[in-house]
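# Breakdown of the fold
Each chain, letter by letter, is given below.
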Amino acid sequence: MKKLLVAGNWKMNGDSTSVTSLLNSLTGEFDKALDKARFKHCEVLIFPPYVYLAQVADSLRDTQLKLGAQDVDSRDTGAVTGGVAAAMLRDVGCQFVILGHSERRRLFHEDNETITRKFEQCIAHDLCPILCVGESLEQRRTGVTLEVVREQLEFVCDRVGATYMGKAMVAYEPVWAIGTGESAKPEEVEEVHAGIRAYLAGIDAELGASTRLLYGGSVTPENASALLANEDVDGVLAGGASLSGEKFLQVCQAAEMAVLK
Ligand code: PEP
């Protein structure tokens, strides 16, 4: 039976008090023997801000929850003031890194070249990249969604090749749906995920079949079931909903139910 993935991107939120309380609500639930059974069919990842990674890694030890980082530097090591290297993330217990998030593309002017270098760093240090792609509202309105998503994917795929791409996941995150409370409709997600799968299958049939495709953009406990009902949706990436232990657990519950249906 397949496992659905639920990822929580905390972004630049929290302080040591709120991080401790969020962790208590999550690990408390995931620790109980009953809850291990309750969340048997979903894989749950959390992405705290850098400064809390070590604290979170400590709390997640011996739980089912896995740790990831929201970013990584595109360089290996050395004179990069403020940089955080892939090896460091691995060292503190991360297994995943979010790359190409629209906030990083917009606020930090990250282009496909930088994102690809970060992707290569992740692969070199045994971290699974979660490559975010997605169109703006303007691009959706002008009907170029599939081209935009394909272009973002193609740049990385052409450079890293099918073998390395096979070590990553792709998250479809329409820019207009992030943090707006307006999720994409299940049929819109279905169309784009089918397009991504077809593109990957064109490179390599196995890559198309096995790459895990996540959806992100205003995922809530209320819409998670409908989004996860699609065969081509292998999980969700939640921002706002991951900041509440209760809501995040409800999204995990929706994932669990979606597998069992
Ligand atoms: C995100 O940060 O990737 C995201 C999807 O945020 P939100 O769920 O708040 O829209």
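Residues numbered from 1 in each chain as written. Predicted model: local features only at pLDDT ≥ 70, side-chain atom pairs only at ≥ 80, totals over all residues. Heavy atoms only, no water.

## Some details on unusual backbone geometry
Quick reminder of the rule: Helix numbers and strand numbers start at the N terminus; a helix is a DSSP run of H or I with at least 4 residues, a strand a run of E with at least 2. Think of it in three bands: with a 1.4 Å probe and only protein chains considered, a residue is buried below 20% of the maximum accessible area for its type, exposed above 50%, and partly exposed in between.
Of note, histidine 109 is a non-glycine position whose phi angle comes to about 55°, a positive value. By the secondary structure assignment, histidine 109 is in the loop between helix H5 (102-107) and helix H6 (112-124). The exposure class of histidine 109 is exposed, given its relative accessible area of 65%. With a phi angle near 60°, aspartate 126 is a residue other than glycine that sits in the positive phi range.

## Considerations on the sheet that holds strand S6 (residues 169-172)
Here is the rule we go by: For two strands to be treated as a pair, DSSP must find no fewer than two bridges joining them. What counts as an axis is a line fitted to C-alpha atoms, over the stretch in contact for a helix, and the angles between N-to-C directions run from 0 to 180 degrees. Residues are treated as being in contact if the distance between any of their heavy atoms lies within 4.5 Å.
Strand order in this closed barrel of eight strands is S1-S2-S3-S4-S5-S6-S7-S8, and the pairing throughout is parallel. Each adjacent strand pair in this sheet contributes to an overall mean axis angle of 25°, direction not counted. In terms of strand pairing, strand S1 (residues 4-9) meets strand S8 (residues 235-238) through four bridges, oriented parallel. For leucine 5, the partnering residue across the bridge sits in S8 and is glycine 235. Sheet contacts for helix H3 (residues 53-60): strand S2 (42-47) and strand S3 (66-69); angle to S3, the most-contacted strand, approximately 165°. Across the face of the sheet, H6 comes into contact with strand S4 (96-99) and strand S5 (128-133) while running at roughly 175° to S4.

## Some points on the site of the ligand
Operational definition: In these notes, residues near a molecule or strand are those with any non-hydrogen atom within 4 Å of it. In the analysis that follows, any N or O atom pair within 3.5 Å is treated as a polar contact, provided that within protein one partner can donate a hydrogen and the other can accept it, and provided that, for residues neighboring in sequence, both atoms belong to side chains. Using the Shrake-Rupley algorithm and a 1.4 Å probe, accessible areas are obtained, with residue cover drawn only from the displayed protein chains. Residues are sorted three ways: Asp, Glu, Lys and Arg are charged, Ala, Val, Leu, Ile, Met, Phe, Trp, Tyr, Cys and Pro are nonpolar, and all the rest, Gly among them, are polar.
Near the ligand there are 15 residues, and of these Lys11, Glu173, Gly179, Ser218 and Gly239 occur at the shortest range. In this structure, an oxygen atom belonging to the ligand sits 2.8 Å away from a main-chain N or O atom of glycine 239. One of the backbone nitrogen or oxygen atoms of glycine 240 is found 2.8 Å away from an oxygen atom of the ligand. In isolation the ligand has 290 Å² of accessible area, and contact with the protein removes 95% of it. Grouping the constituent residues of the shell around the ligand by class yields five nonpolar, eight polar and two charged.

## What about the pairing of S3?
In plain terms, the rule: Handedness of a crossover is defined as follows: orient the strands so they point away from the viewer, and if the path from the first strand over the helix to the second runs clockwise, the crossover is right-handed.
Pairing analysis gives two bridges linking S2 to S3, with the strands arranged parallel. Note that in S3 the partner of leucine 45 across the bridge is lysine 66. Once the chain exits S2 it traverses H3 before rejoining the sheet at S3, and the crossover so formed is right-handed. Across two bridges, the pairing between S3 and S4 is parallel. When the bridges of S4 are listed, glycine 68 appears paired with phenylalanine 96. Crossover S3 to S4 through helix H4 (residues 86-91) is right-handed.

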